[in-house]
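Summary of structural features
Take a look at the letters that make up each chain.
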Amino acid sequence: MIFNLATLASLSTLLGIAPTVQALTLNVSTGGGNATSGMLYGLLFEDVYHSGDGGIYGELIQNRAFQGTSVNNNQGPYQTLQYWHTSGSDTLTLDNDAPLLTSALPWHMRVDVAKGATGPTGFWNEGYWGFNVTTRTRYTASFYLRGTYKGEMLGAFWSNTSDSMLGHTTFKVHQTEADGWVSYSQTFTVSSSAPDEKNTFHLTFDGASTAGKSLRFQMISVFQQTYKNSHNGLRMDLAEALSELGGKFLRMPGGNNLEGIASPFRWKWNETIGPIIDRPGRPGTWGYVNTDGLGLLEMMQWCLDMGLETILAVWGGLYLDGEIVSEADLQPYIDDVLNELEFLTGPVTSKWGAKRASLGYPKPFTINYVEIGNEDFLNGGIPSYVDHRFIMFYNAIKKAYPKMNVISSIWAGYFNNLPSGVIQDLHDYLTVDDMVAHFGGYDHADRQYPVLVGEYAAIYDAEHTNPNQLDNPTLQSATSEAVYFLGLERNADLILGICHGALIKSLHDEPDNVAMIKHNPDTLVRSMSYYVAKLFGTNFGTTTAAVTGDENYGPLYWAATKNDKGTYFVKIVNYDGAASTPVTVKIPGKKNTATLKTLTAPDKYSTNTLGDMQSIWTEKKITGGMGDRHGTRSSSINYKTLGARIVAQL
């Protein structure tokens, strides 16, 4: 079958570059090809710029357990009452008076009601710079209370914009100080959707009956309905957007947030499991305290809910301040990794497998990939990683799990005797032109050491040079990433997978560098990079298909894969090419209709921002057939600028 993509538009007229390709014919082979990993496109998650707390983690209350907020150093203390405010005849105080709710949460909020108080009193929370309040979902509010109180407490959302209550729930309380900490929880819906995210959550109670007395609160929580209704789960709209990418794996829990800013603040898996009141949290790498509510099991549930392969990163002995655990002291950390793997994969008869089962997961998880550390080339980490750290973890893991695929966090070329089959994790943060230059970068790479591109992003262009990064992905930067993808697809026998280095970022935290998705409490901004990743991730086969063209690569680039159902995915990217280029795609023996999917935008610097989405995604059925020397039955599609196209043979 022949398809004529009649007018591939380009970036050249905007750049003043003369067209270099007048027309292109691609012949797709239906025989041979190399097997792909089957998981080329995936996701990286670490809690960065409130991608976890205040992001994909479904908790809406900020500083819910008074663990703290900002981290400006690694000394502490971090506990504060930030984001909490009084709303009546009371004062709020951070207190650690015994008995505590749990040893993991040593501080709580004491509410001292003024003598002579009357009417309602209480407090409110700002959320993560607002709340998403809508009638389309339900909410669950909960808290722990210590003190004497009999009566009702009102939990309510208020709109700052309309100065009105949007919805509420009532807690019926009857307890004394002798009862200690008592938990309360209510699920409810709201009566009105908010006009925007400028909303707050209030908890109020009767001032007269508590005048001159104190009540103590801990773990004050509000969850919006979560993705697939998972307990302690994911923010629904963000999770749905990630699912739409079509990724096949989740690399987690980081990222630099795995390593920790300094001792002892590495990510500790066993402090992220169990009831949230037993999770102490920690000062995170990216400037704020992590609650660890989105812990190991929540991430594994994420993998289950989206059908993702887990790429599990484990701490490898390096802190980000340059401290490195000595060879003599490394064994306890290796044992900790083996405990984590037993927790995830062990039978219920094992110590840690039994622990997992007690937390609601009797069936072992499947873990096929473990990465030792993250970016151990940082802060002088290479010598110790090459000399002993990597191989000590590697040997212990392979002894216990002979079939485990082990990933090095640094380039294989640093090693003298790296075991065959070790996967190397390479990170590419590049200019747009360097991204394109990597198109053929793996064509002649050593197949002895597969590659995981564990982080990538085009972050510089002609107008943004180091250290001034792009604010948001542009059509040009996303298109350069698409060319990079094509190079990986051509070498899909070598490349295990690829994931963007910045999956999610809060618009409040970091609006001035790239991310796949940026968010505020009630809105998502899917970037140009997001749509390129979706275009590629949802159109990928299990075997490479050879493609020959009658022109050299550049400014048009291409690659193809096919699946076991006989579907071909032919991808063409136009990077700084001609204003209009006819392209004919020939697939012998194919007679049915194809789908043409296109991502484009008005110009090379077009970008998606809050309230101004400039990307254009189109899908169109096209029918090919044998024609004369001038062409075929064809569909003619013309845009001012084109980024990438997929011809998916159906």
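Above this text you will find the structure in question.
Residues numbered from 1 in each chain as written. Predicted model: local features only at pLDDT ≥ 70, side-chain atom pairs only at ≥ 80, totals over all residues. Heavy atoms only, no water.

Overview of the pattern of salt bridges
Scanning all chains against the criterion turns up 19 salt bridges. The salt bridge involving Glu 59 is made with Arg 64; its shortest N-O contact spans 2.9 Å. This pair shows no difference in class: Glu 59 is buried, exactly as Arg 64 is. For Arg 146, the salt bridge goes to Glu 177, with nearest N and O atoms at 3.1 Å. In this pair, Arg 146 is assigned in strand E8 (residues 139-146) and Glu 177 in the loop between strand E10 (164-175) and strand E11 (182-188), connecting sequence segments 31 residues apart. According to the relative accessible area criterion, Glu 177 is partly exposed, its value standing at 38%. The network of salt bridges with common partners includes Asp 95, Asp 97, Arg 110, Asp 112, Arg 146, Glu 177 and Arg 216. (Salt bridge = Lys/Arg side-chain N within 4 Å of Asp/Glu carboxyl O. Buried < 20%, exposed > 50% of the residue type's maximum accessible area, 1.4 Å probe, protein only. Helix = DSSP H or I, 4+ residues; strand = E, 2+ residues; numbered from the N terminus.)

Quick word on the pairing of strand E6 (residues 108-113)
Most of E6 is tucked away: 5 of the 6 residues are buried. Here strand E5 (residues 90-95) runs beside E6; their pairing, made up of 6 bridges, is antiparallel. Bridge assignment links Thr 93 to a residue of E6, and that residue is Arg 110. As paired elements, E6 and strand E13 (residues 214-224) share 4 bridges and run antiparallel to each other. From the neighbouring strand, Val 111 faces E13, where its bridge partner is Leu 215. (Pairing = 2+ DSSP bridges.)

Quick word on the nonpolar core
Inside soluble globular proteins, nonpolar side chains tend to come together where they are buried. Of all hydrophobic cores here, the largest spans 102 residues; its most connected members are Leu 242, Leu 296 and Trp 302. Looking at this core, the element that brings in the most residues is helix H10 (residues 475-490), giving 8 residues. With 33 residues, the next largest nonpolar core counts Phe 66, Leu 81, Phe 171 and Ile 220 among its residues. (Core = buried A, V, L, I, M, F, W, Y, C linked by side-chain atoms within 4.5 Å.)

With respect to the packing of helix H5 (residues 296-306) against helix H6 (residues 331-345)
The relative placement of two packed helices is expressed as an angle between their axes plus a distance between the axes. Direction vectors running N to C along H5 and H6 enclose 50 degrees, while the axes themselves pass 12 Å from each other. When the axis of H5 is compared with that of H6, the two are oblique. For H5 against H6, the interelement crossing comes out right-handed. Across the interface between the two elements, Leu 296, Leu 297 and Met 300 of H5 pack against Glu 340, Phe 343 and Leu 344 of H6. Here the residues of the contact of H5 with H6 sort into 5 nonpolar, no polar and 1 charged. (Axes fitted to C-alpha atoms, helices over the stretch in contact; angles between N-to-C directions. Parallel < 35°, antiparallel > 145°, perpendicular 65-115°, else oblique. Left-handed = near helix turned anticlockwise from the far one by under 90°. Contact = heavy atoms within 4.5 Å. Nonpolar A, V, L, I, M, F, W, Y, C, P; charged D, E, K, R; others polar.)

A few points about the sheet that holds strand E24 (residues 517-520)
Spatial ordering of the open sheet is given by E23-E24-E25, a layout of 3 strands whose pairing is mixed. In this open sheet, the two strands that pair with only one neighbour each are strand E23 (504-506) and strand E25 (523-526). Averaged over all pairs of adjacent strands, the angle between their axes in this sheet comes to 25 degrees, without regard to strand direction. Across 3 bridges, the pairing between E23 and E24 is parallel. If you follow Lys 505 over to E24, its bridge partner there is Lys 518.

Some thoughts on the environment of Lys 590
On the secondary structure map, Lys 590 appears in the loop between strand E30 (581-586) and strand E31 (594-600). Along the backbone, Lys 590 and Tyr 568 are 22 residues apart, and their C-alpha atoms lie at a distance of 9.7 Å. There is a polar contact of 2.7 Å between the side chain of Lys 590 and the backbone oxygen of Gly 566. (Polar contact = N/O pair within 3.5 Å; in protein donor to acceptor, adjacent residues only side chain to side chain.)

What is shown is where atoms sit, not what they do.
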